[in-house]
Amino acid sequence: MRKKILIGLLSFIILVVGLCTVYYFMVKATPPVNQEDLPAITVTKSGENSFVGSDGSWLKKNDQQVWEMYVHGGPLERGVAFGELCIPLQKDKEEAFIAEIRNKVPSDSYLNFLKYLIGWFNRDLDKYVPEEYLKEIYASSRYMPDEYDYIAPKYQRALSYHAAHDIGHALQNMNLVGCTSFAVRGDKSENSKLLLGRNFDFYFGEDFAQDRMVAFYNPDQGYKFMSITWACFSGVVSGMNEKGLSITLNSDKSAIPSKGTTPVSLMARQMLQYASNIEEAYEIAKSYDTFVAESFLIGSKEDGRAALIEKTPEKTALYQEDDMDLVVTNHYQSDELKNDELNQEYLSEGVSDYRYERVQELLDSLSPMNVEKTAYLLRDKRGLGGKDIGLANEKAINQLLAHHSVIFSPEELKVWVSAPPYQLGKYLAYDLNEIFSEEDGGHVTFSYIDSLSLDKDPFYFTEDYKKFRDFVATKAEIQKTLARGEGDAISEAEQQKFIASNPNGYLTYYYLGDYNKSLELWSKAKKYYNIALQLEIARKSERDHILEGLKECEEHLN
């Protein structure tokens, strides 16, 4: 008997070791080059927030708290420069990313399980990414902080972070993604030229939103381009190239995928670096497999118009309108995909079409559009008809959570990028004609043009904005308590201050209802749920959540 137990135990150990070994080799990402093949670049600190690479690359923080960066050359040169220049920023960004995951995931054991699950999900990610970008990502990953090596090797973490945007799409119930974009031309544009605006509402906590970066690339192959990004993120979510082709990403409703393929940000990078018009961008989009649904709003100087490339894991559609405007929120519009079951399911939530109508309403009243009016529209916090729907409402164009906001004028090769916070800071103007021509001459010291930039949003200077900062801080504490059972108790005085910080926002009472229900304070929770039901709720699923909470309260009170 003892011998059988020992044999059984040994067999079990061999099985576990075998499974672990198989898992390791299945998920392991093989580096595209040897580490010794990476070029050596020395970075010198030239000022308080200014760094210069020995290869001519540089990074500096401007007076509006936006980082500006220039890299050039082949993928290894670009990646090493990006990594070497951004060592402190990359550490801060990964710390913020991991901290926010900890806030959202209910337990350490589940977090550990999730690590292996994501590793398995992304096991073949490197097989779907062009070698050029694998090399660039690998080169920059060598400069990632050591303290997170327990999660995964640096290169593997870097690849997975490039798919974080896609995973946010698949988990839209977490409200990580809800972007708004639009384009105007002809009689809807003040100078008849193509003009595009977008809010990139990818939110992963306040710390992750810090240190936005305007990166300028001069690659050895393809077109020069600029991208609004963050430390060592090689993908593109908003950008424009020297040919006047602009691109912005907008999420659409996705099924929960079973396996990672090409991250949409790297597909957008390929379009921006190698496409000069809509048709070329469309051909690139068709050549890739994605694991989420996405819309790419393309602005084209060559075509003199904008178009929408809509993509699911199964189909790719090109949508163009004869109208002089094109509005994009988070649902499909093409004949091929608008009746898609998941698309219709998302429309039934009542948030994407609401925001679409609000953009259209403002375009109709403000047109012909110019840069100033575009910024005004992108900063709009109200609902249809100018209704006060509270702050941070997903039905608003400006949800006060944008990682960045940007305005493109492709035919003039000009870009306006919002400085923090959100889209409330100045819109910094960049003339790509000058920047890209300076690169040709070997002189690459440039920055935004203050005389063409737009002033801060007046809301930034108000008491209401100060109160909103209190709302954000208290909401974060409540979310941490609800997710992990951690965080300080929210006193009655703090709850009343929370209400005063955003009195017309349903989220205020939504969270107070959930918080008091978690404490089994049924009467208080019921009161707050009932208040929330009287306000403009963003999603049908959120209304259903409130009604379920209200029902639970009533069951305990009766």
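All figures in this text were calculated on a predicted structure; none of them were measured in a lab. (Residues numbered from 1 in each chain as written. Predicted model: local features only at pLDDT ≥ 70, side-chain atom pairs only at ≥ 80, totals over all residues. Heavy atoms only, no water.)

1. Some remarks on the overall build of the protein chain
Note the threshold: Put simply, DSSP H or I for four residues or longer makes a helix, DSSP E for two residues or longer makes a strand, and each gets a number counted from the N terminus. Summary of the burial criterion: residues with accessible area below 20% of their type's maximum are buried, those above 50% are exposed, and those between are partly exposed, where the area comes from a 1.4 Å probe applied to protein chains only. Accessible surface area values rest on a Shrake-Rupley calculation with a 1.4 Å probe, where residue burial reflects the displayed protein chains alone.
The helix and strand inventory of the protein chain stands at 18 helices and 18 strands. The burial tally for the protein chain puts 58% of its 558 residues in the buried class. Just so you have it, the protein chain exposes about 22900 Å², and 52% of that area is on carbon and sulfur atoms.

2. Brief notes about the sheet that holds strand β15 (residues 404–409)
So the rule is basically this: Only when DSSP finds a minimum of two bridges between them are two strands counted as paired. Lines fitted to C-alpha atoms define the axes, with helix axes restricted to the stretch in contact, and inter-axis angles between N-to-C directions lie between 0 and 180 degrees. We call two residues in contact whenever any of their non-hydrogen atoms come within 4.5 Å of each other.
What the seven strands build is an open sheet, ordered β14-β5-β6-β15-β16-β17-β18; its pairing is antiparallel. Each having just a single partner strand, β14 (325–328) and β18 (449–454) make up the two edges of the open sheet. Between one strand axis and the next, the sheet turns through 20° on average, direction left out of account. When strand β17 (residues 427–431) meets β18, the two strands line up antiparallel, connected through two bridges. Its bridge partner being in β18, A429 is matched across the sheet by I449. Of the strands in this sheet, β5 (180–184) and β14 are in contact with helix α11 (residues 352–366), which crosses β14 at around 150°.

3. What about the pairing of β17?
The side chains of a regular strand alternate between both faces of the sheet. With respect to burial, β17 is a largely interior element, five of its five residues being buried. Here β17 shows two buried faces, one formed by Y427, A429 and D431 and the other by L428 and Y430.

4. A short note on helix α16 (residues 506–518)
Using the following cut-off: A helix's residues, less one, multiplied by 1.5 Å, set its expected span.
Between its first and last C-alpha, α16 extends 18 Å over 13 residues, near the 18 Å set by a 1.5 Å rise per residue. With eleven of 13 residues buried, α16 is to be regarded as a mostly interior element. Those residues of α16 lying buried are Y506, L507, T508, Y509, Y510, Y511, L512, G513, D514, Y515 and N516. Against the buried residues of α16 lie α14 (463–484), α15 (492–501), α17 (522–533) and α18 (540–557).

5. Brief notes about a negative patch on the surface
This is how it is decided: Candidate patch residues must exceed 30% relative accessible area and have no salt bridge, after which like charges are joined if within 9 Å and Val, Leu, Ile, Met, Phe, Trp or Tyr side chains if within 5 Å. Note on definitions: salt bridges are taken to be side-chain nitrogens of Lys or Arg within 4 Å of carboxyl oxygens of Asp or Glu. Asp and Glu count as negative and Lys and Arg as positive, but His and the ends of the chain are not part of the count. Charged groups are reduced to one reference atom each: NZ for lysine, CZ for arginine, CG for aspartic acid, CD for glutamic acid.
A grouping of E279, E280, E302 and D303 is seen on the molecular surface, where their side chains present a negatively charged patch. Residue placement: E302 occurs in the loop between β11 (294–300) and β12 (305–311).

6. Some details on the pairing of strand β13 (residues 316–319)
Only one face of β13 is buried, namely the one carrying A317 and Y319, since none of T316 and L318 on the opposite face is buried. Bridge analysis of β12 against β13 gives four bridges, and the strand direction is antiparallel. Each bridged residue has a counterpart across the sheet, and for L308 the counterpart in β13 is Y319. The turn linking β12 back onto β13 is made up of four residues.

7. Remarks on the nonpolar core
Short version of the rule: Only buried residues count toward a nonpolar core. Its members are Ala, Val, Leu, Ile, Met, Phe, Trp, Tyr and Cys residues joined through side-chain atoms within 4.5 Å.
Within the largest apolar cluster, 69 residues are counted, with the highest numbers of intra-cluster contacts made by L59, M69, C86, M271, F296 and I298. A per-element tally of this core places helix α8 (residues 264–274) first, with six residues. Once residues lying within four places of it in the same chain are set aside, the contact partners of C86 are L59, M69, M213, A231 and C232. Core analysis: the next-biggest nonpolar cluster, separate from the first, contains 36 residues, Y506, Y510, Y515 and L550 among them.

8. Some words on the environment of D211
The line we're drawing: Two N or O atoms count as a polar contact when they lie within 3.5 Å, although within protein this holds only if one can serve as hydrogen donor and the other as acceptor, and sequence-adjacent residues are included solely when both atoms are side-chain atoms.
Here D211 is to be found in the loop between β6 (195–200) and β7 (213–219). In the structure, D211 is positioned 144 residues away from W67 in sequence and 6.5 Å away in space, judged by C-alpha atoms. Not counting residues within four places of it along the chain, the set of residues in contact with D211 comprises K61, W67, L89 and K93. Polar side-chain contacts of D211 include one of 3.2 Å to the side chain of W67.

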